[in-house]
Structures are given as C-alpha cells and as structure tokens.
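# Structural overview for review
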Amino acid sequence: MSDQYEKTIEPPGIRLGDLAAGRTRSEVISARPYWWRAAPPRATSTFPPQSTDVLIVGAGYTGLSAALVLARAGRQVTVVDAGVPGFGASTRNGGQVGSGNQKFRVKTLIAMQGERKAVELLHEGVAMLDGIEALVRDEQIDCSFRRCGRFRGAMRPEHYDAMARDMEDLARYAGVTFEMVERRNQHTEIATDMFHGGSLLPQDAALHPGRYHAGLMARAIAAGATVFGNSPVGAIARERDGHNVQIGNRTIRARDVLIATNGYTKNVSPYFDQRIVPVGSAQIATEIMPPEVFDRLMPGGRVYGCTNRVFFYFRPAPDERRLIWGGRVDHFKPETAMAAYAHLARDLLRAFPMLGDVRVTDAWSGLIGHSFDDFPHLGRAPDGVYYAMGYCGTGVSRSTHFGRKIALKMLGHADGRSAFDDLAFPSHPFHAFARPAVPLVESWYRARDFTGL
Ligand SMILES: Cc1cc2nc3c(=O)[nH]c(=O)nc-3n(C[C@H](O)[C@H](O)[C@H](O)COP(=O)(O)OP(=O)(O)OC[C@H]3O[C@@H](n4cnc5c(N)ncnc54)[C@H](O)[C@@H]3O)c2cc1C
C-alpha cells in the first residue's frame, strides 16, 4: 500500500463574499475533502483473490463495520471498492453523529408504523448513537469523537413550536433529553439572528469522518479482512452454493455477498437501482480564523442544522478554528461545482454576514443514498445477496450499526435482529425518472423553504 494523496498544502482560497457572488476561481480551492488532509485515502495495488468466503462491495463505514464483525468471527472476508477504499461518503461527510430519529416527527412515525413499532425504531436509533461511541472507545479509534450536542435552528417561528412538540414526544417515547432555546437566548449557542430559536440534543456527537474511516479500516484489517481498491464489481450471478462476481475483467467466487454501496449504488443489480436514489451533498471549509472571530460564532462547539426541507448543516472542524458548512446541492455536476459551492457560501453568509472576508480553502461533494420511504434498509435480496443502505443522509451511526447488524445476520446470530428488519424495501414504478428528477424535486423544496408553503 502507498499513499496516493499527499498531505494537502493550504491553498490560497477565495473570499466567501467573492464565492457567494460567483466571482470564483476553482484553482485556488482544494477540491478534495478537507478530511483527507489528516486521513488521506490509501491506494491498494494487489488484486482480490480468486475466491473468498464473504465478499463485501463498498469499503465505507457499512462495509468495514460488517467486515470487522465477520473477520472476528473467523470468516474469510474480502472488501472491495471501485475507488480507493473510503472514496464514498464515509470520508466526505459532515461528521455529525445522531440517532437518525429526527428523520420523521414522532407523531408521523406512529401514524405510519403504530406506536409499538415506532417505539422500537426510536429505541434502536438511540442504540446506534450509543453503539458508535462504544465502538470508538473499545477499538480506540482516534477520531475526535465527542458528545458535543446538536443545535437545530428553526427557520420560521412556527417551526420552533412544531419542533418543541416533537422533542417532547421524543423524550416521552425514546427517553431522549433535550432543551428548547428561545430566540432571545440563542446567542449563547450561536452568533446569528437567522434562527427563530432552536432545539438542543445534548447527546448528539461529532467525529472526524476521515480518521474514523481510517481507524475502522485498520481494525478490520487487523482482524483479518483484506481490503482492495480499484475493484469495481459488475454482474453478480447466483450459483448453487454461492455467487460468481465480476470484478473488472475477472470473476471471483464468493459464498456470501454484501452490498454496501449506499449513495454510490449503480449497476450492481437492478434490484438496488430501483430502490436507491443518489442525492448530492457538498461542503466547504474555511481557512483557520483568529480566536477572537471564531470562538464567538459557535460558543457551544456543537454540530448545527436547520429545519429547512433542503437543509444546511455546519460545525467547527475538530482540531482547528475552521468552519465546515454543508448542504444539499441540486444540479451538482463537476462542471457546475463552483455554482453549488457559491450557493453554500450564500447560505453561510446569511447566518454569519460578518465572515465575507474569510477565505474558503476546501470544497467537495459526495452522494447520499435515499430510499423511497425515507427509512434505511437491511436484509437479503431475492438473488441471495445481503445489503445495508438507504441512510438518507444520516448515515454515520446508522451505517456503522447496520454493518454490524447485517454481519450478525450473515453469521446467523440472534443479535442480528433489528426493528428495521420487517420494513418492506420499496421500489418506485418511476424509479428510472427519480435520479434525473432529484434536482427538480430539490428546487421545488427549496422554493417551499423560501416561501414557507
Ligand atoms: C457531503 C455529505 C455529508 C454528510 N454528512 C453526514 C453527517 O454529518 N452525518 C451523518 O450521519 N451522515 C452524513 N452523511 C451520510 C453518510 O456519510 C453516509 O450515510 C455513510 O457514510 C454511508 O456509508 P456507506 O459505507 O454505506 O457508503 P459509502 O461510504 O458511500 O461507501 C460506498 C462505497 O461503495 C463503493 N462502490 C459503489 N459501487 C461499487 C461497485 N460496483 N464495486 C465496488 N465498489 C463500489 C463506492 O466507491 C463507495 O466507496 C453525509 C454524506 C455526504 C455525501
């Protein structure tokens, strides 16, 4: 193995004000995830073996979490990735760690699933958050994991009231602690007037996504798993006692296959193409700011989000006085990347107008995997391959948890049972149009966020 990416030298960067106004020059910004500076993805040079007991497709958190459990149980595990291991969202995300329980209002979840099932799902969400903390601690993964709490700002006064009612339900049904912060007090949390107050979940956490990925991969390898990059999986054919899997121009034999490709799922099998829609999300990182500026922005040092449908999220970098700001981006293509980053800069300046002269040094994007019912899914497809995916943008704890659960299922272990087991994994009759339609849907949601309709 050799490092393919050298440590990034601090690029000159571009003023936030200029980026927001579209006065952009892409060459002054690093286009790699900021996280790769501390944890550059490692290229691999050898080829996967001719046969393996378990083949895991995708070397992100899902694949590696599963690999760790399976290898420790004595299975021969081969993890392959089309890019460098960690090429996907697992080294590109915001490092905000939550339970995933805010994807639906509690009342909506109960209306959809009934109270008993809803409570089971909510409790498993809380367990995901506790589980990632335990994993990081037990495996001694050096990734700046911290229970820093999450502040979610209300974009409209009525959002604050709705959020307060939902938080009460979350406390009642899932035992989650929370605080509501009124607008007049919110400067204790954040130096902005953009929000109409917000909610605080003190148990939510942050980590360094790149270092978490590198640590998880190191533990999986130490447990006996092998990990290969540049190994795109094509067709998977079921045989009597296993699968023939095409990787590049070779075919390898695997008794069990796990698909862990989430937002990067494409052409592995029509079953998954019909169920997962990739959605773009992008982030920008600022230069290091002086303490007298930075320390006032987010005095709580938490992770932050908002109540918009097309939401933005942000946080301080774990070890430096930089602001990392992200959001869903529509129409994201490499050739229009700077327009997407300009959009993020405009949102950032709405929150913190005083930062117009601060420079953006890094900007990057990634894909999140959306399911059609907004639930994450794990299980076994009709052709016998296992899968875990569809985290809908809240995947740091979910993918770690689902990777472990699906591995336990593959081992036939009773602890593999999950409240998410019996949720049907819906396809959509118009799935072929869903991927191209994402920008239109996002534009529509953005318009509704703007008008409040
Ligand atoms: C910009 C961004 C910000 C985010 N922020 C947060 C956040 O703050 N908090 C949070 O909880 N979640 C966040 N997420 C979501 C979270 O990162 C993901 O849900 C999680 O990393 C998914 O992990 P995974 O292992 O399932 O998939 P990934 O990490 O995406 O890995 C999938 C891998 O599969 C590989 N692959 C695909 N097809 C093939 C093939 N045919 N053959 C071989 N390999 C293949 C890809 O190369 C990729 O490396 C964010 C996502 C993005 C993109």
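Conventions used here
Residues numbered from 1 in each chain as written. Predicted model: local features only at pLDDT ≥ 70, side-chain atom pairs only at ≥ 80, totals over all residues. Heavy atoms only, no water. Helix = DSSP H or I, 4+ residues; strand = E, 2+ residues; numbered from the N terminus. Rg over C-alpha atoms; globule rule 2.2 N^0.38 Å. Buried < 20%, exposed > 50% of the residue type's maximum accessible area, 1.4 Å probe, protein only. Contact = heavy atoms within 4.5 Å. Expected span 1.5 Å × (residues − 1). Near = heavy atom within 4 Å. Polar contact = N/O pair within 3.5 Å; in protein donor to acceptor, adjacent residues only side chain to side chain. Areas by Shrake-Rupley, 256 points an atom, 1.4 Å probe, with all protein chains shown as cover. Nonpolar A, V, L, I, M, F, W, Y, C, P; charged D, E, K, R; others polar. Salt bridge = Lys/Arg side-chain N within 4 Å of Asp/Glu carboxyl O. Axes fitted to C-alpha atoms, helices over the stretch in contact; angles between N-to-C directions. Parallel < 35°, antiparallel > 145°, perpendicular 65-115°, else oblique. Pairing = 2+ DSSP bridges. 1 Å grid on protein atoms, 1.4 Å probe; cavity = no way out; pocket = protein on both sides within 12 Å on 5 of 7 lines; lining within 4 Å. Points joined across faces, edges and corners; volume = space filled by probe spheres on them. Core = buried A, V, L, I, M, F, W, Y, C linked by side-chain atoms within 4.5 Å. Right-handed = clockwise from strand over helix to strand, strands pointing away. Left-handed = near helix turned anticlockwise from the far one by under 90°.

Across its full length, the protein chain holds 11 helices and 21 strands. Relative to a compact globule of 453 residues, whose C-alpha radius of gyration would be 22 Å, the protein chain shows 21 Å and is just as compact. In terms of overall dimensions, the protein chain has C-alpha extents of about 65 × 50 × 45 Å along its principal axes. Looking at the protein chain residue by residue over its 453 residues, the buried ones come to 58%. If you take every contact in the protein chain between residues at least 6 apart in sequence, the share linking residues at least 24 apart comes to 76%.

Under the 1.5 Å per step criterion, the end-to-end length of helix α10 (residues 396-410) is 22 Å for 15 residues, consistent within 8% with the ideal 21 Å. One or two steps after α10, the chain reaches Gly412, where phi turns positive at roughly 75°.

Of all residues adjacent to the ligand, which total 37 residues, the nearest are Thr62, Asp81, Ser90, Gln96 and Val233. Here a nitrogen atom of the ligand and a backbone polar atom of Gln96 are 2.7 Å apart. At a separation of 3.5 Å, a nitrogen atom of the ligand approaches a polar backbone atom of Tyr264. Look at the ligand: alone it shows 1000 Å² of surface, and the protein chains cover 96% of it. Those elements that place two or more of their residues in the shell around the ligand are α2 (61-72), β15 (276-286), β19 (359-371) and α10. A class-by-class count of the residues in the shell around the ligand yields 16 nonpolar, 19 polar and two charged.

The next thing to look at is the pattern of salt bridges. Summed over the entire model, instances satisfying the criterion amount to 28 salt bridges. Between Glu10 and Arg322 there is a salt bridge, with the nearest N and O atoms lying 2.8 Å from each other. Placement of Glu10 in the loop between β1 (2-3) and β2 (14-15) and of Arg322 in the loop between β17 (312-316) and β18 (323-328) is noted, with a sequence separation of 312 residues between them. When its relative accessible area of 38% is taken as the criterion, Glu10 is described as partly exposed.

The subject of this paragraph is the side chain of Ser65. Position of Ser65 among the secondary structure elements: in helix α2. In contact with Ser65, other than residues within four places in its own chain, are Leu216, Ser399, Thr400, Gly403 and Arg404.

Before going further, it helps to spend a moment on the environment of Gly22. Among the secondary structure elements, Gly22 is positioned in the loop between α1 (16-20) and β3 (42-43). C-alpha separation for the pair Gly22 and Asn101, spaced 79 residues apart in sequence, amounts to 37 Å.

Before going further, it helps to examine the packing of helix α4 (residues 115-138) against helix α5 (residues 157-174). At their nearest, the axes of α4 and α5 sit 9 Å apart, and the two run at 90° to each other. On the basis of their axis angle, the class for α4 and α5 is roughly perpendicular. Contacts between α4 and α5 pair Glu115, Val119, Leu122, His123 and Val126 from the former with Leu170, Tyr173 and Ala174 from the latter.

What follows concerns the side chain of Arg275. Structurally, Arg275 can be placed in the loop between α7 (270-273) and β15. Engagement of the side chain of Arg275 in a polar contact is seen with the backbone oxygen of Tyr271, the distance being 3.0 Å. Each residue touching Arg275, except ones within four places of it in the same chain, is listed here: His370, Ser371, Phe372, Phe425, Pro426 and Ser427.

Residue alternation in strand β5 (residues 77-80) divides its side chains into two sets, Val77 and Val79 and Thr78 and Val80, and both sets are buried. Of the pairings in the sheet, the one linking strand β4 (residues 51-57) to β5 comprises four bridges and is parallel in character. Each residue of the ladder has a partner; that of Val54, found in β5, is Val77. Across three bridges, the pairing between β5 and strand β11 (residues 226-228) is parallel. Note on β11: the bridge partner recorded for Thr78 is Thr226.

Looking now at empty space enclosed by the protein. Within the structure shown, the criterion is met by one cavity of 30 Å³ or more. Space inside the largest cavity adds up to approximately 120 Å³. Around the largest cavity, the lining comprises 14 residues; the ones closest to its centre are Gly100, Asn101, Phe104, Leu109 and Arg398. Among the elements that take part in the lining of the largest cavity, α4 stands out by supplying three residues, more than any other.

A word on the nonpolar core. By size, the foremost hydrophobic cluster in this structure holds 58 residues, and its most contacted members are Ile56 and Tyr212. Among all residues touching Tyr212, those that are not within four sequence positions of it are Tyr61, Ile132, Leu135, Val136, Ile141, Cys143, Leu207 and Thr400. Ile14, Ala20, Phe314 and Leu344 belong to the second largest nonpolar core, which has 40 residues in total.

Below, the discussion takes up the pairing of β4. Burial of β4 is extensive: six of the seven residues sit out of reach of the surface. Alignment of β4 against strand β14 (residues 250-259), held across six bridges, turns out to be parallel. Across the sheet, residue Val54 finds its bridge partner in β14, namely Asp256. Where the polypeptide runs from β4 across α2 and back to β5, its parallel neighbour, the crossover connection is right-handed.

What follows covers the packing of α2 against α10. Where α2 contacts α10, the axes come no closer than 7 Å and their chain directions differ by 40°. When the axis of α2 is compared with that of α10, the two are oblique. Along this stretch, α2 crosses α10, giving a crossing that reads as right-handed. Along the contact surface, α2 presents Tyr61, Thr62, Ser65, Ala66, Val69 and Leu70, while α10 presents Val396, Ser399, Thr400, Gly403, Arg404, Ile406, Ala407, Leu408 and Met410. For the contact of α2 with α10, the per-class residue count stands at nine nonpolar, five polar and one charged.

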